Structures are given as C-alpha cells and as structure tokens.
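What follows is the residue order along each chain.
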Amino acid sequence: MISVITAVFNRAETLPAALESLHGQTHASVQHVVQDGGSTDGTLEVLKATSVEDIALESAPDGGVYDAINRGIARASGDVVGLLHSDDFLADGHVLTSVADALADPSIDGVYGDIDYVAAEDTSRVIRRWRTGGYTSEKLRRGWMPPHPTLYLRREVFDRWGTYDTDFRIAADYEAMLRWLVRGQIRLTYIPRVLVKMRVGGESNRSLGRMLRKSREDYRAMRRHGVGGIGTLAAKNFSKLGQFLPGRQGYT
C-alpha cells in the first residue's frame, strides 16, 4: 500500500483539486492520511464531504507543517510513504502506478520525478519547470536535491533514519534528504516525467525574510552533513534560474 500524507491548514479553496487528483489514481492500494492543523475555513467540511472512505483524518493543533507531516507518517500504514501538499495536485491518473512499478525493484529505497510550477489562478499555465535527472552523490555539492513533493520512500527509511527535524522551520525537507542520502546512503530511482503540479507561492519564498531564513537553514543542513558550504548554497540558489527557461533544467 502507498500512504499519501497531506498536511493542511485552511486550504478549502485548493484542497479539492488535490483530493480529485489523488482519488482519480489508477493504482488501487492507496491510503490518504490527512493531518489538519485545526482549520476554520471549511477545509474540514471539504474533507468530510468526500465520498472516499479510506481517508485517515486527524484535526488538532500542531507545531508547523513538518510536525504535521511527522504526525501523518506516524499514522500511516503503507509500506511506501509520499506527500501531497494541499496546494498541489498529481499530474495525471497514473502517477502512483508509476511509483509502484518503480518500487517493484526491492533494491530501491525510493523514487522521485519532476515538477511543473503552475500559476495559482490558471493551473494550465506552467511558470517554471523542475527537471532533475538521475541522482549521483556528486550533485549534492552542486546544490542538487530531488523534488520533495515527488519523493516516495519505503517506510524503512523513516524507521531507520528518522523523519523531519522540526528545528528546521523551512528547510527540514532539505535536511532530511541530505540525511537520508548521505548518512543513510539510500538508493533512489528517477521517474523521468512530471509527477506533481505545484502552485507558485510556497512557504519558503513568500517574503525576503523567509528566503533569507531558508538560505541560513539550507547552509546549516549542508554543514551538518558535510556536503559543502557557501559555494554549494550559491549553486543551489542560482540553479533555479534554469527552471524558467523552456527545455532547461534546474536543480532546486
């Protein structure tokens, strides 16, 4: 079974698209774990109105998005765990089938794919393309990371190497991926197609202050796991420029 975690707080407007994309998957064995932070805008009503039975919903105050994700992982029963953010949606109905097919190889610990960033007001309009390519350890020193919203991992990865460090308020995903890849030496396979559509305007780039905090947290994660310093941080940030050019790649 694939468990898909959605951490949500007051996203009644965007959540229906995420739910529709997940419930329309051709892969049959899916558990949707929803960790709500105590929404008051109608989000809970949207969830309760869905006709899908296999939603494990919990609504309670949390310590932020990474704490909510950790709680969702703890409640998940699948042997594979991935994420679906409440502002995102799966690119088509075969995404989870692609994930399951790739993980049929028992030597693989996880998979990831590509992302299209789309306009919030018109999700058919692609603003930015994140094309990652296959993983090599050398890429980490050039600021590379797999797109977090496309990452699906076997439960054993979390059990052995931990979940998200909530001391990182913005970059816990980056720290966790470095931990899993550097310390855990997990084996990832790249699915060379778009798996997720993400609306522009994420938490890490809502303001200059948050962007600076994210850079500080990224740097701390790099130093913690020995993958570089200021040069790696600069490469990580500048690599995004290529994502805005048709046919080009950007690392993160």
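Residues numbered from 1 in each chain as written. Predicted model: local features only at pLDDT ≥ 70, side-chain atom pairs only at ≥ 80, totals over all residues. Heavy atoms only, no water.

### A word on the packing of aromatic side chains
Okay, so step 1: Evaluated as defined, the whole model comprises seven aromatic pairs.
Okay, so step 2: Centroid distance tyrosine 117 to tryptophan 130: 6.4 Å. Interplanar angle 10 degrees. Geometry classified as stacked. Of the two residues, tyrosine 117 sits in strand β6 (residues 110–118) while tryptophan 130 sits in strand β7 (residues 126–130), which places them 13 residues apart along the sequence.
Okay, so step 3: With a relative accessible area of 9%, tyrosine 117 lands in the buried category.
Okay, so step 4: With centroids separated by 5.7 Å and ring planes inclined at 75 degrees, the aromatic side chains of tyrosine 164 and tryptophan 180 adopt a geometry described as edge-to-face. Residue tyrosine 164 is found in the loop between α5 (155–161) and α6 (172–183), and its partner tryptophan 180 is found in helix α6; the two are separated by 16 residues along the sequence. Across this residue pair, the class does not change: tyrosine 164 and tryptophan 180 are buried. (Phe/Tyr/Trp six-rings, centres within 6.5 Å; stacked < 30°, edge-to-face > 60°. Helix = DSSP H or I, 4+ residues; strand = E, 2+ residues; numbered from the N terminus. Buried < 20%, exposed > 50% of the residue type's maximum accessible area, 1.4 Å probe, protein only.)

### A short note on the pattern of salt bridges
Okay, so step 1: Scanning all chains against the criterion turns up 13 salt bridges.
Okay, so step 2: With a closest N to O distance of 3.2 Å, lysine 197 and aspartate 116 form a salt bridge. One end of the pair, lysine 197, is in strand β9 (residues 188–199); the other, aspartate 116, is in strand β6, and 81 residues separate them in sequence.
Okay, so step 3: Given a relative accessible area of 19%, lysine 197 falls into the buried group. (Salt bridge = Lys/Arg side-chain N within 4 Å of Asp/Glu carboxyl O.)

### Comments concerning the confidence of the model for the protein chain
Okay, so step 1: Taken as a whole, the protein chain shows an average pLDDT of 90; of its residues, 90% reach a score of 70 or greater.
Okay, so step 2: Note that pLDDT drops below 50 for residues 247–252; the model gives that stretch 29 contacts with residues more than four away or on any other chain. (pLDDT = per-residue confidence, 0-100. Contact = heavy atoms within 4.5 Å.)

### Quick word on the environment of serine 215
Okay, so step 1: Looking at where serine 215 falls in the secondary structure, it is placed in helix α7 (residues 208–225).
Okay, so step 2: Residue classification places serine 215 among the buried positions, given a relative accessible area of 18%.
Okay, so step 3: Along the sequence, serine 215 and asparagine 237 sit 22 residues apart, while their C-alpha atoms lie 8.5 Å from each other.
Okay, so step 4: With residues up to four places along the chain from it excluded, the contact list for serine 215 reads Leu233 and Asn237.

### Description of the nonpolar core
Okay, so step 1: The biggest cluster of nonpolar side chains holds 64 residues, and the ones touching the most others in it are Leu96, Tyr152, Tyr164 and Trp180.
Okay, so step 2: The biggest single contributor to this core is α6, with seven residues.
Okay, so step 3: Among all residues touching tyrosine 164, those that are not within four sequence positions of it are Tyr66, Ile69, Asn70, Ile73, Leu83, His148, Ala172, Asp173, Ala176, Arg179 and Trp180. (Core = buried A, V, L, I, M, F, W, Y, C linked by side-chain atoms within 4.5 Å.)

### Some thoughts on the pairing of strand β2 (residues 30–36)
Okay, so step 1: Extensive coverage of β2 is indicated by the burial of seven of its seven residues.
Okay, so step 2: Going residue by residue along β2, you find Val30, His32, Val34 and Asp36 tucked away on one face and Gln31, Val33 and Gln35 tucked away on the opposite face as well.
Okay, so step 3: Pairing between strand β1 (residues 2–8) and β2: seven bridges, direction parallel. Residue pairing in the sheet places isoleucine 5 in a bridge with valine 33 of β2.
Okay, so step 4: As for the winding sense of the linkage, the β-α-β connection from β1 through helix α1 (residues 15–23) to β2 is right-handed.
Okay, so step 5: Sheet topology note: the β2/strand β3 (residues 55–59) ladder contains five bridges and is parallel. Following the sheet pairing, histidine 32 is matched in β3 by isoleucine 55. (Pairing = 2+ DSSP bridges. Right-handed = clockwise from strand over helix to strand, strands pointing away.)

### Comments concerning the environment of valine 196
Okay, so step 1: Relative to the assigned elements, valine 196 resides in strand β9.
Okay, so step 2: When the C-alpha positions of valine 196 and glycine 113 are compared, they lie 8.2 Å apart, and in sequence the two are 83 residues distant.
Okay, so step 3: Residues in contact with valine 196, not counting those within four places in the same chain, are Asp88, Phe89, Leu90, Ala91, Asp114, Ile115, Asp116, Pro149 and Thr150.

### Focus on helix α4 (residues 95–102)
Okay, so step 1: Among the residues making up α4, those that are buried are Val95, Leu96, Ser98, Val99 and Ala102. Each buried residue of α4 sits inside an arc of 155 degrees when the element is viewed along its axis, so together they form one side. (Arc of directions from axis to C-beta.)

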